[in-house]
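Take a look at the letters that make up each chain.
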Amino acid sequence: MITRQRLAAGVCALLAALAAGVAFPGGAVADETQAAAPKVELVLDVSGSMRTRDIDGDSRMAAAKQAFNEVLDATPEEVRLGIRTLGANYRGDDRKEGCKDTAQLYPVGPLNRTDAKTAVATLQPTGWTPIGPALLKAADDLNGGEGTRRIVLISDGEDTCQPLDPCEVAREIAAKGIGLTIDTLGLVPDAKTRDQLSCIADATGGTYTDVRHREQLSDRVGQLVDRAADPVVTPVATEGAASCEKAPTLKSGLYTDRQEFGQQRWYKVEVDPGRELRASVSVADDRAVNPDYGVLLRAVTSHGREIVRGEAAGTGRTDVISTGLRYPKADSDDDTAPAETVCLQVTHSFSAAAGVKTTPGLPLELTVDVVDGPSGHHDVAAFGLGRGWWLLGALVLTGFLAGLLWGWLSRWRVAVWRTN
């Protein structure tokens, strides 16, 4: 009787689930797909200098339009693409008004290639170069969802709306921890333009490219749009504490944070018996810093005793410094043994160069992985030899075969001597 009741209940539950699926065939799936869709916004400089005819005998604007048309034709279906302009509408001399001149030409969403191409075809080089305001608006355009977010900025000159420094704007966007990357392309750039666009890209982990030919522009923009569709791990924004007691507890994953100069950041990880903690940290100098710096990653107990540490030093030749550590937690015969709270402390010795802003802090990326601990018969050294047993076994086998061969040769020589 009980078995029949359970079977009937199971059948009813299955029918209810099927009915719900029929009633709502694609809502949940569509929402999930939309949330995970990669988003890209192309931000195009349409200032007056884009009229200059120095890209393969044609204007910079014509090269940009052709590149956009080719990229729109090749954009993957899963990418949500948008287009924003800067300096496209205001023709006057009022700097205050000119620095507001940024507009979304095509909204971020499923791509209608005909509509997008028609919108691009109407562009004419016009006014100012408000890169900073355009980046702020573009970040808002891409806000929301869990997929990758990328801004591709194409400009032929410096921002004309100081003191809103676009490099500082990029750092503020990176400090939000939303996983947004800004790639920049400079059309026939001078040294100042190159430095500014490089700084914008570096602040968010993006790339900078010099562009001097039409085909090069099309290829590079296409590569960056395709890259947005590649599966990547999006870091989770977190905020470390000033002490172990107040630190956030992290699980396995990739995390981003910002660390002020001369500051310590603390995080917690729970490690069960028989498991191994693997952690690494990277700190980037996204602004001018003094040479000779280092980073320290320490694993300590909740009582402050150091377990293990990793450290690295640099001399200014690279803009990222990384280190890591491993801590295997011994297994326990007690199945109810509690997990150990391990505190991770991150300290760096970067110092800002004269006149450089110290806020927001330097970008920090922390990787935490808690895996199965080392096996006793595979990873632990046996009698102090570890994997040297392979070499010892090979030597023993070689000696044995050599002995057999030598013995056979000796007997053959004795037999020949007796015969003669």
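Scroll up to find the structure.
Residues numbered from 1 in each chain as written. Predicted model: local features only at pLDDT ≥ 70, side-chain atom pairs only at ≥ 80, totals over all residues. Heavy atoms only, no water.

Novice: Let's hear about the side chain of aspartate 159: which residues, and what values?
Specialist: Take aspartate 159: it is sitting in the loop between strand 6 (149-155) and helix 7 (166-175). Of the side chains bearing the opposite charge, arginine 95 lies closest to the buried aspartate 159, which forms no salt bridge; the N-O distance is 6.3 Å. In this structure the side chain of aspartate 159 is engaged in a polar contact, spanning 3.0 Å, whose partner is the backbone nitrogen of glycine 132. A polar contact is formed between the side chain of aspartate 159 and the backbone nitrogen of cysteine 161, at a distance of 2.6 Å. (Helix = DSSP H or I, 4+ residues; strand = E, 2+ residues; numbered from the N terminus. Buried < 20%, exposed > 50% of the residue type's maximum accessible area, 1.4 Å probe, protein only. Lys, Arg positive; Asp, Glu negative; His and termini not counted. Salt bridge = Lys/Arg side-chain N within 4 Å of Asp/Glu carboxyl O. Polar contact = N/O pair within 3.5 Å; in protein donor to acceptor, adjacent residues only side chain to side chain.)

Novice: Can you explain the sheet that holds strand 13 (residues 293-301)? Please cite residues and give values.
Specialist: The strand order 11-16-13-14 describes an open sheet built from four strands, whose pairing is antiparallel. For this open sheet the edge positions go to strand 11 (264-271) and strand 14 (306-314), each flanked by a neighbour on one side alone. The average angle at which neighbouring strand axes cross in this sheet is 15°, direction not considered. Looking at chain direction, strand 13 and strand 14 are connected through eight bridges and run antiparallel. Bridge pairing links leucine 296 to glutamate 311 in strand 14. (Pairing = 2+ DSSP bridges. Axes fitted to C-alpha atoms, helices over the stretch in contact; angles between N-to-C directions.)

Novice: How would you summarise the packing of aromatic side chains if you had to cite specific residues and measurements?
Specialist: Counted under the stated rule, the structure contains one aromatic pair. Plain terms: the ring middles of tyrosine 293 and phenylalanine 350 are 4.3 Å apart, the flat faces sit at 25° to each other, and that makes the pair stacked. Taken together, the residues tyrosine 293 in strand 13 and phenylalanine 350 in the loop between strand 16 (340-348) and strand 17 (362-372) connect sequence positions 57 residues apart. (Phe/Tyr/Trp six-rings, centres within 6.5 Å; stacked < 30°, edge-to-face > 60°.)

Novice: So what's going on with unusual backbone geometry? Which residues, and what values?
Specialist: Leaving glycine aside, a negative phi is the common case for residues, and trans is the common case for peptide bonds. The peptide bond linking threonine 359 to proline 360 adopts the cis configuration, its omega dihedral lying at -5°. Checked against the element boundaries, proline 360 lands in the loop between strand 16 and strand 17. A positive phi angle is found at aspartate 56, which is not glycine, with a value near 55°. Tracing the sequence through the fold places aspartate 56 in the loop between strand 2 (53-55) and strand 3 (58-59).

Novice: Can you tell me about the pairing of strand 1 (residues 39-45), naming the residues and giving the values?
Specialist: With seven of its seven residues buried, strand 1 lies for the most part within the structure. Residues Lys39, Glu41, Val43 and Asp45 of strand 1 are buried on one face, and the alternating residues Val40, Leu42 and Leu44, pointing to the opposite face, are buried as well. As judged from the six bridges shared by strand 1 and strand 6, these two strands associate in the parallel manner. Bridge pairing in strand 6 links leucine 44 to isoleucine 154.

Novice: So what's going on with a nonpolar patch on the surface? Which residues, and what values?
Specialist: On the surface, Leu405, Trp406, Trp408, Leu409, Trp412 and Val416 cluster together into a nonpolar patch covering about 700 Å² of accessible area. Of note, tryptophan 406 is situated in helix 10 (residues 388-419). On the basis of relative accessibility, which here comes to 58%, the residue tryptophan 406 falls in the exposed class. (Patch = residues over 30% accessible without salt bridge, like charges linked within 9 Å, V, L, I, M, F, W, Y side chains within 5 Å. Areas by Shrake-Rupley, 256 points an atom, 1.4 Å probe, with all protein chains shown as cover.)

Novice: Just give me the short version of the packing of helix 3 (residues 60-74) against helix 9 (residues 214-229), but keep the residues and values in it.
Specialist: Between helix 3 and helix 9, whose axes approach to 9 Å, the crossing angle comes to 40°. Read as a crossing pair, helix 3 and helix 9 show a hand that is right-handed. Contact residues: helix 3 offers Ala62, Ala63, Ala64, Gln66, Ala67, Glu70, Val71 and Ala74, while helix 9 offers Arg214, Leu217, Ser218, Val221, Gly222, Val225 and Asp226. Of the residues belonging to the contact of helix 3 with helix 9, the class tally is nine nonpolar, three polar and three charged. (Left-handed = near helix turned anticlockwise from the far one by under 90°. Contact = heavy atoms within 4.5 Å. Nonpolar A, V, L, I, M, F, W, Y, C, P; charged D, E, K, R; others polar.)

Novice: Help me get a handle on the sheet that holds strand 17, residues and values and all.
Specialist: Within a sheet, neighbouring strands are paired by backbone hydrogen bonds and run either parallel or antiparallel to one another. Spatial ordering of the open sheet is given by 9-10-17-12-15, a layout of five strands whose pairing is mixed. Two strands bound the open sheet, and with one partner strand each, they are strand 9 (236-237) and strand 15 (320-328).

Novice: Could you give an account of the pattern of salt bridges, naming the residues involved and the relevant values?
Specialist: Oppositely charged side chains can form a pair if their charged atoms are brought close together. In total, this model carries 20 salt bridges according to the counting rule given. One salt bridge in this structure joins arginine 171 and glutamate 168, with 2.6 Å as the shortest N-O distance. Taken as a pair, arginine 171 and glutamate 168 lie in helix 7 at a separation of three residues, close to a single helical turn. Overlapping salt bridges, with partners in common, bring together Arg298, Glu306, Arg309 and Glu311 in one network.

Novice: So what's going on with helix 8 (residues 191-203)? Which residues, and what values?
Specialist: The end-to-end C-alpha separation of helix 8 is 18 Å, in line with the 18 Å expected for 13 residues at 1.5 Å each. Within the span of helix 8, buried status applies to Thr193, Gln196, Leu197, Ser198, Cys199, Ile200, Ala201 and Ala203. Residues of helix 8 that are buried in the fold lie against helix 6 (131-141), strand 6, helix 7, strand 7 (180-187), strand 8 (208-211) and strand 10 (253-259). Taking the backbone nitrogen of lysine 192 as reference, a side-chain oxygen 3.3 Å away marks aspartate 190 as the first, capping residue of helix 8. Trailing helix 8 by a residue or two, glycine 205 shows a phi angle of about 80°, which is positive. (Expected span 1.5 Å × (residues − 1).)

Novice: Which residues make up the environment of serine 351, and what are the values?
Specialist: On the secondary structure map, serine 351 appears in the loop between strand 16 and strand 17. Take serine 351: its relative accessible area is 30%, and that puts it in the partly exposed class. The sequence separation of serine 351 and glutamate 260 amounts to 91 residues, and the corresponding C-alpha distance is 9.7 Å. The residues contacting serine 351, other than those within four sequence positions of it, are Phe261, Val289 and Asn290.

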